[in-house]
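Tertiary structure, described
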Amino acid sequence: MVPGDVVLMGPPGSGKGTQAKLSAGEPGWVHISTGDLFRKHLREGTPLGRLADGYMSKGRYVPDDVTVGMVRERMREIRRDERVVFDGFPRTIPQAEALEKLLGELGRRVAGVLLIEVDREELAARLARRGEGRADDSPEVARKRFDVYQEQTRPVVDHYERKGLLRRVPGVGSVEDVHARLRAALG
Ligand code: AMP
């Protein structure tokens, strides 16, 4: 893959967050997770955190303008020679368009999009097991998150596929197996 930033995508329960953190540990790479940024705001009790929590606790997406504004701020801290792995962003078509615009302004671009694929039954089983630990993982909220993904984020997958940027990576097997496949796809 030619140098540039990378978008990591995958349905809830695909292991996307775990994989993004592993990739971010590699020299020269920076991990930007909008979910982590929202949770940080919430811990710090900022107005943005409180606003985001109203959506997150219901399994819904935070409005695009809020999410894009937060990413725009975070990008100010990124050096030119660093490569970014976006985790959980963009999740809607307007976010994908905003990202292209933002990266263009910064002289950057999306070099590739990696989609971690896990079939629906396996996802349901994983989400049921995950259960505790995350307030937004109750069965009801997990179902909602999955539906919202299908409705709003599948079109983003199709968008990147049409642009010829999408690479599908099977999400089955151990964390290390999946990580090795992602590394290979990154080239
Ligand atoms: P995550 O940790 O990526 O699963 O994100 C947790 C929650 O944060 C999501 O269920 C959404 O409520 C919110 N969130 C994270 N990223 C975005 C985004 N790109 N757009 C809108 N909401 C988001």
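Here, every reference points to the structure presented above.
Structure report, in brief.

Conventions and cut-offs
- Residues numbered from 1 in each chain as written.
- Predicted model: local features only at pLDDT ≥ 70, side-chain atom pairs only at ≥ 80, totals over all residues.
- Heavy atoms only, no water.
- Salt bridge = Lys/Arg side-chain N within 4 Å of Asp/Glu carboxyl O.
- Helix = DSSP H or I, 4+ residues; strand = E, 2+ residues; numbered from the N terminus.
- Buried < 20%, exposed > 50% of the residue type's maximum accessible area, 1.4 Å probe, protein only.
- Near = heavy atom within 4 Å.
- Polar contact = N/O pair within 3.5 Å; in protein donor to acceptor, adjacent residues only side chain to side chain.
- Areas by Shrake-Rupley, 256 points an atom, 1.4 Å probe, with all protein chains shown as cover.
- Nonpolar A, V, L, I, M, F, W, Y, C, P; charged D, E, K, R; others polar.
- Phe/Tyr/Trp six-rings, centres within 6.5 Å; stacked < 30°, edge-to-face > 60°.
- Pairing = 2+ DSSP bridges.

Glancing now at the pattern of salt bridges. Across all of its chains, the model carries 14 salt bridges by this definition. With a closest N to O distance of 3.2 Å, Arg-183 and Glu-26 form a salt bridge. Within this pair, whereas Arg-183 is found in helix 8 (residues 175–186), its partner Glu-26 is found in the loop between helix 1 (16–24) and strand 2 (29–33), the two being separated by 157 residues in sequence. Classification of Arg-183 as partly exposed rests on a relative accessible area of 48%. Residue Lys-163 pairs with Glu-100 through a salt bridge whose shortest N-O separation is 3.5 Å. Here the residue Lys-163 occupies a position in the loop between helix 7 (139–162) and strand 5 (166–170), and Glu-100 occupies one in helix 5 (residues 93–105), the gap between them amounting to 63 residues. You can call Lys-163 partly exposed: its relative accessible area is 45%. Salt bridges linked by common partners bring Lys-21, Asp-36 and Arg-39 together as one network.

Right, let's get into the site of the ligand. Neighbouring the ligand are 17 residues, the closest being Thr-34, Arg-39, Arg-60, Arg-91 and Arg-145. In this structure, an oxygen atom belonging to the ligand sits 2.8 Å away from a side-chain N or O atom of Arg-39. Protein coverage of the free-state accessible area of the ligand, which is 470 Å², stands at 97%. A breakdown of the residues in the shell around the ligand according to their chemical character gives five nonpolar, five polar and seven charged.

Each pair of aromatic rings is reported with the distance of its centres and the angle of its planes. Per the stated rule, a full pass over the model turns up one aromatic pair. Their ring planes at 50° and their centres at 6.1 Å tell us that Phe-86 and Phe-89 sit as a pair that is tilted. Per residue, the accessibility class of Phe-86 equals that of Phe-89, and both read buried.

This part is about the pairing of strand 4 (residues 110–117). Along strand 4, seven of the eight residues are buried, which leaves the element largely enclosed by surrounding structure. The sheet contact formed by strand 1 (residues 5–9) and strand 4 spans five bridges and is parallel. The residue bridging Leu-8 from the neighbouring strand is Leu-114, located in strand 4. As paired strands, strand 4 and strand 5 are joined by five bridges and run parallel to one another. In the sheet register, Glu-117 faces strand 5, and the bridge partner there is Pro-170.

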